[in-house]
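If you want the building blocks of each chain, they are given just below.
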Amino acid sequence: METHGSLRHLPLEEEHRRQGARMQPFAGWLMPFQYQGILEEHRAVRTRSGVFDVSHMGRFFITGPDAAAFLRSVLTYNVARLETGGAHYALLCNEAGGILDDVFLYRQGEQRYMLVVNAARAAQDLRWLQDHLPPGADVRLEDRTDRTVMLALQGPGAAHHVSALLSPAIPARLPARALTEIELYGYKAVVARTGYTGEDGFEFVCAPQAGHAFWDRLMQLGVQPCGLGARDSLRLEAALPLYGNDIDETVNPYEAGLGWTVDLEDGAPFVGREALARAKAEGPRRRLACLRGPGGRAAVPRHGYPILHNGRPVGTVTSGGYSPTLDTVIAMGYVPPELAAPGTELAVDVRGRPLAMTVVKRPFYRAGRPG
C-alpha cells in the first residue's frame, strides 16, 4: 500500500489501470469504480464470475489466550459459538446500542482471529478496539491492512475457477461462511467462502505478491474485473446494508433487521448490551424496508429521497438504484413498523414526482432466483 497526498493506493493499482479501470476516491482510497461498465460487471457476477479488489477493507488480527474474551466484550455476537474454520457477521455497537460498524469475524485457530471492517470506519474501529483492550489482558491486536491484499472472487463460476487454479479440495471442503489457510503462489493466505454480492464466492487475504499472481491468473481465465459500482448494485439487490447509508450510530440492530447478530442469551457483558436488551424488549420504532418499483428505470430513487405514504413523508431512502437482474428500481429505507409489511403501497419523491413503490420481502434477490 502506498499513500500519495491524502489518498491511499492499492498494491494492485497498476493491474487495475492495465485493465482499463476508471479510478476514483472512496473512503480515503483510490479505488476502481468500473472497468467495462457497471451493468456488464454486475451481470458477469450474477451469471458467471467477477473479481473485486477489496484491499481497502480493514484487516485486524487478534491473537492470544484472551482473544476470544476480548472479542466477546466488544462484539454483539457470542464468539464462543464460532468454531475454528468458521466465520460470522457481527456488529460493533456503542453504549447506546447504535451501530459503530458491521464486521466479519473469522476464527483461524484456537487463539487466532481475523476481523474485517469497513474502510470508512477502519481507523476509528482500530482506536475504539485499542481503547477497549482490558488492562493486563493477554491479547494482541494487529492491523495488517497495509501488509496484505484482499480479493473477492464472486459468482456461480467462482468455485470452478478456484478448483482450476488452486485445488478442487478448497470449494469441496468449504461450506458457506467457512475458511481455511492455504499456500498461494508461495505465500500463506486465508481463503473464506464469504462475500458482499449475494452470490457464491471466495475472499482471499494474502501478501501483495500472491495477490498480483492470483489476479493475473484470473485475468488469463477471462474472469471479469469488477469495481465499486457493480459491488454496490449487487449488494443492494441482496439487501445487504452499507455502513453510512443504511446503518450508523443512530440505528440499532433491531431497526435494521440485524437483531439476529445480537446474542443476549449467554449473559456475557459487551458494549451496548443493556441498551440492546431494552431495544429488543421495547421493539423497533422504525424498520428498514425493501421497496420495489415499476419496471425500467425512468425514475430512480436515491439516498436521501423522501418516502411517502398517502402523500405524506414517513421516511427516507437510505440506498436506492436500478436493479439489472430484476429490470426495475429498488430501494431501502426506514419507515414506521406498521408500514414495513410486505405488500404495503408507498411512494418515493423523485425530484418532486412521486414514484409508486411496494414493500417486498427482504432480500430483493437470492442466489439462483430473484426474491
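Notes on the structure follow. Worth saying up front: this structure is predicted, and the values here are computed from it rather than measured. (Residues numbered from 1 in each chain as written. Predicted model: local features only at pLDDT ≥ 70, side-chain atom pairs only at ≥ 80, totals over all residues. Heavy atoms only, no water.)

Okay, the overall build of the chain next. Helix and strand content of the chain: 9 helices and 23 strands. Here the C-alpha coordinates of the chain stretch approximately 60 × 50 × 45 Å along the principal axes. Here the chain, with 371 residues, has 57% of them falling under the buried criterion. Considering only contacts in the chain between residues 6 or more positions apart, those separated by 24 or more positions represent 65%. As displayed, the chain has an accessible area near 15,700 Å², and 49% of this comes from carbon and sulfur atoms. When the 40 positive and 40 negative side-chain charges of the chain are each reduced to one mean point, those points stand 5 Å apart. (Helix = DSSP H or I, 4+ residues; strand = E, 2+ residues; numbered from the N terminus. Buried < 20%, exposed > 50% of the residue type's maximum accessible area, 1.4 Å probe, protein only. Contact = heavy atoms within 4.5 Å. Areas by Shrake-Rupley, 256 points an atom, 1.4 Å probe, with all protein chains shown as cover. Lys, Arg positive; Asp, Glu negative; His and termini not counted. Charge placed at Lys NZ, Arg CZ, Asp CG, Glu CD.)

The next point concerns the pattern of salt bridges. Evaluation of the coordinates by the stated rule reveals 17 salt bridges. Between glutamate 142 and arginine 144 there is a salt bridge, with its nearest N and O atoms 3.1 Å apart. For arginine 144, a relative accessible area of 24% translates into the label partly exposed. The network of salt bridges with shared partners includes Arg140, Glu142, Arg144 and Arg147. (Salt bridge = Lys/Arg side-chain N within 4 Å of Asp/Glu carboxyl O.)

Assignment of secondary structure puts histidine 9 in strand β2 (residues 7–9). Relative accessible area serves as the criterion here: at 13%, histidine 9 is assigned to the buried category. A distance of 2.5 Å separates a polar atom in the side chain of histidine 9 from a polar atom in the side chain of glutamate 13. (Polar contact = N/O pair within 3.5 Å; in protein donor to acceptor, adjacent residues only side chain to side chain.)

A few words on the packing of helix α2 (residues 38–47) against helix α8 (residues 228–237). The description of two helices packed together rests on the angle between their axes and the distance between the axes. Where α2 contacts α8, the axes come no closer than 8 Å and their chain directions differ by 50°. As far as their axial angle goes, α8 and α2 are oblique. Both α2 and α8 take part in a crossing whose hand is right-handed. Residues Ile38, Glu41, His42, Val45 and Arg46 of α2 lie in contact with α8, whose contacting residues are Gly229, Ala230, Ser233, Leu234 and Glu237. (Axes fitted to C-alpha atoms, helices over the stretch in contact; angles between N-to-C directions. Parallel < 35°, antiparallel > 145°, perpendicular 65-115°, else oblique. Left-handed = near helix turned anticlockwise from the far one by under 90°.)

Bringing the sheet that holds strand β8 (residues 99–109) into the picture now. The strand order across the open sheet built from 5 strands is β7-β8-β9-β6-β10, with neighbouring strands paired in antiparallel fashion. Both edges of this open sheet fall to β7 (87–93) and β10 (140–143), since each of them pairs with a single strand only. Each strand axis lies, on average, 30° off the axis of its neighbour in the sheet, ignoring direction. Across 4 bridges, strand β6 (residues 58–63) lies against β10 in antiparallel orientation. Counterpart to phenylalanine 61 in the pairing with β10 is glutamate 142. The sheet contacts of helix α3 (residues 67–74) involve β6, β7, β8 and β9 (112–117), and relative to β6 the element is tilted by about 130°. (Pairing = 2+ DSSP bridges.)

It is worth spelling out the packing of aromatic side chains at this point. Throughout the structure, instances matching the rule amount to 5 aromatic pairs. Ring geometry for tyrosine 89 against phenylalanine 104: centres 6.1 Å apart, planes inclined by 55°, an arrangement best described as tilted. A residue pair is termed long-range when its members are at least 10 positions apart, and tyrosine 89 in strand β7 and phenylalanine 104 in strand β8 qualify at 15 residues. On the basis of relative accessibility, which here comes to 13%, the residue tyrosine 89 falls in the buried class. For phenylalanine 104, a relative accessible area of 18% translates into the label buried. Aromatic side chains tyrosine 89 and tryptophan 260 sit 5.6 Å apart centroid to centroid with 25° between the ring planes, which places their arrangement in the stacked category. One end of the pair, tyrosine 89, is in strand β7; the other, tryptophan 260, is in the loop between α8 and α9 (273–282), and 171 residues separate them in sequence. Taken together, Tyr89, Phe104, Tyr106 and Trp260 form an aromatic cluster joined through their ring pairs. A cation sits over an aromatic face here: arginine 46 above tyrosine 365, 4.0 Å from the ring centre. Geometry around tyrosine 322 places arginine 297 over its ring, the cationic atom sitting 4.6 Å from the centre. (Phe/Tyr/Trp six-rings, centres within 6.5 Å; stacked < 30°, edge-to-face > 60°. Lys NZ or Arg CZ within 6 Å of the ring centre and 35° of its normal.)

What follows concerns the side chain of asparagine 94. Summarising the element assignment, asparagine 94 is placed in the loop between β7 and β8. Only 2.7 Å separates the side chain of asparagine 94 from the backbone nitrogen of glycine 98, close enough to count as a polar contact. The contacts of asparagine 94, once residues within four sequence positions are left out, are Leu100, Glu249, Val271 and Gly272.

Below, the discussion takes up the sheet that holds strand β11 (residues 149–154). Strands sit in the order β12-β13-β14-β11-β5-β15 across an open sheet of 6 strands; the sheet is mixed. The sheet is open, and its two borders are formed by β12 (179–184) and β15 (224–226), each paired with just one other strand. Pairs of neighbouring strands in the sheet enclose a mean axial angle of 25°, with direction left out of account. Two elements, strand β5 (residues 50–53) and β15, share 3 bridges in a ladder whose sense is parallel. By the bridge assignment for β15, valine 51 is matched with proline 225. In the packing of α2 onto the sheet, the strands contacted are β5, β11 and β15, and the crossing angle to β15 comes to about 115°. Lying over the sheet, helix α7 (residues 208–220) contacts β5, β11, β12, β13 (187–192), β14 (201–206) and β15, oriented at roughly 25° with respect to β11.

To continue, consider α3. Those residues of α3 that sit buried are Ala67, Phe70, Leu71, Arg72 and Val74. Buried residues in α3 make contact with β6, β7, β8, β9 and α4 (122–131).

Everything listed is a geometric property; what it means functionally is a separate question.
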